[in-house]
Amino acid sequence: MPITETHEIHHRRLGRNLGVALCLAGFVGLSFFLTISKLRNGGTIEGFDYVPQPEFTVGEGSE
Amino acid sequence: MSDFAANTQTQEAQFGDYVALLKPRVMSLVVFTALVGLLVAPVGVPPVVGIAAILFIALGGGASGALNMWYDADIDRVMKRTQGRPIPAGKVTPGEALSLGLWLSGFSVVMLGLAANLFAAAFLAFTIFFYVVIYTMWLKRWTPQNIVIGGAAGAFPPMIGWAVATGGVSIESILMFGLIFVWTPPHFWALALFMNSDYDKAAVPMLTVTHGRPHTRRMILVYTLALVPLALGLGLTSIGGPVYLAVSAVLNLAFLRGAWTIWKRDEDAAAADHYAVEKKVFRLSLLYLFLHFGALLAEAGLRQLNMGGW
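Sequence order as written defines the numbering, with residues in each chain counted from 1. Note on labels: chains are lettered from A, ligands numbered from 1, in written order. Per-residue local features are limited, in this predicted model, to residues with pLDDT of at least 70; the limit for side-chain atom pairs, both in listing and counting, is 80 or more; totals at the level of whole chains, interfaces and linings are taken over all residues.

A. Highlighting the nonpolar core. Residues and elements named next belong to chain B. Residues Leu38, Ala53, Ile57, Ala66, Leu112 and Ile160 are the most contacted members of the largest nonpolar core, which totals 91 residues. Only runs of H or I of at least four residues qualify as helices and only runs of E of at least two qualify as strands under DSSP, and these elements are numbered from the N terminus. Take this core: its biggest share by element is 14 residues, from helix H3 (residues 47–71). Counting only domains with at least three residues in this core, you end up with domain 1 (15–166) and domain 2 (170–310). We call two residues in contact when their backbone-placed C-beta atoms lie within 7 Å. The contact partners of Ala66, leaving out residues within four places of it in the chain, are Leu21, Leu22, Ala97, Leu100, Gly101 and Leu104. Remark: nonpolar core denotes a set of buried Ala, Val, Leu, Ile, Met, Phe, Trp, Tyr and Cys residues whose joining runs through C-beta atoms within 7 Å. The exposure scheme places C-beta atoms from the backbone and then counts, for each residue, the other C-beta atoms within 10 Å of its own, assigning buried at 20 or more, exposed at 12 or fewer, and partly exposed in between. Per the annotation, domain bounds derive from an automatic or database assignment of domains.

Below is the structure:
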């Protein structure tokens, strides 16, 4: 059931809720840019797609 | 709408009250010294990693502040200086402060480990442990040396900043630690000389109360004398340079002169001019630390231009 009525507490807690929302948004942004920065600076990433990956193939005659 | 009755108290905790639990003023010192530790290190870090690391170090410091306020709520209620803190003011419950402190501690340590390295994260965890358990729970109410040993907690941030960049410890980072560590007692005791009635009431052992004020005046001078070689010695390491050494020499002379005057004065003279000298030395001590780390930063900036350092 959707909340159709607002209560006085929603106004009272607006500041808190906005603060938490901003913190979470900031954290998401920080995590994103941290990831980009780590990858740009030599972090390794494996793309498991259709590109052949030599380290997973067994060399011929190396049984 | 009686189902929200439990939440209708007038003292609703606002977002700012939770921020106040993290001791933002202490946090600003942590941010500044950790940032200097990070920037003067010989190894650079990507800007985003640096910003994230400083943020998580600050958050860890804030978490230990919240845990400190949770544990010390009983004495905070008694002292005038701390009565307005969120728990004694009735805005935040002790349980909320405890859980905020614990969650933020874990979060900041894990995130610092991911953003920087495990050594820096372990160092941050140790700093929180040291401040909350060793200082707040154990030493603060037990010994008048509380300030001396507790000062170590405030001295770790530049070492953590250095560890973020280098992943280790070195003579430079130990001397930065030493500078804050030995600076804390004279800084705090100068404050205690002109406002100690608070600690009396809360039964926190303060040197001014347990060993008397003349002894405190002597100890201010003793620690200032110990501080001088540390501050100047830092200038001879790889992160120092002529600019730092010149700034440090002036500041140390001024601080020494102040400590000497405090030692020479008796209580009657101090009461006569409302502790003017003690207040001046306290303000000077703040400037002393700020300018020392500012000078280290200046040297790092000059080195970028091939001008600073030795």
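B. Region of the structure containing the domain arrangement of chain B. Residue and element names in this part refer to chain B. Segmentation of chain B into domains returns domain 1 (15–166) and domain 2 (170–310). Between the C-alpha centres of domain 1 and domain 2 there is a distance of 22 Å. With 28 residues of domain 1 in contact, the opposing surface of domain 2 contributes 25 residues. Elements supplying a minimum of two residues to the side of domain 1 that touches domain 2: helix H2 (24–40), helix H4 (73–78) and helix H7 (146–166). Among the elements that line the side of domain 1 that touches domain 2, the one with the most residues is H7, at 12 residues. Split into classes, the residues belonging to the side of domain 1 that touches domain 2 amount to 17 nonpolar, seven polar and four charged. Only Asp, Glu, Lys and Arg are considered charged in this grouping, and only Ala, Val, Leu, Ile, Met, Phe, Trp, Tyr, Cys and Pro are considered nonpolar; every other residue, Gly among them, is considered polar.

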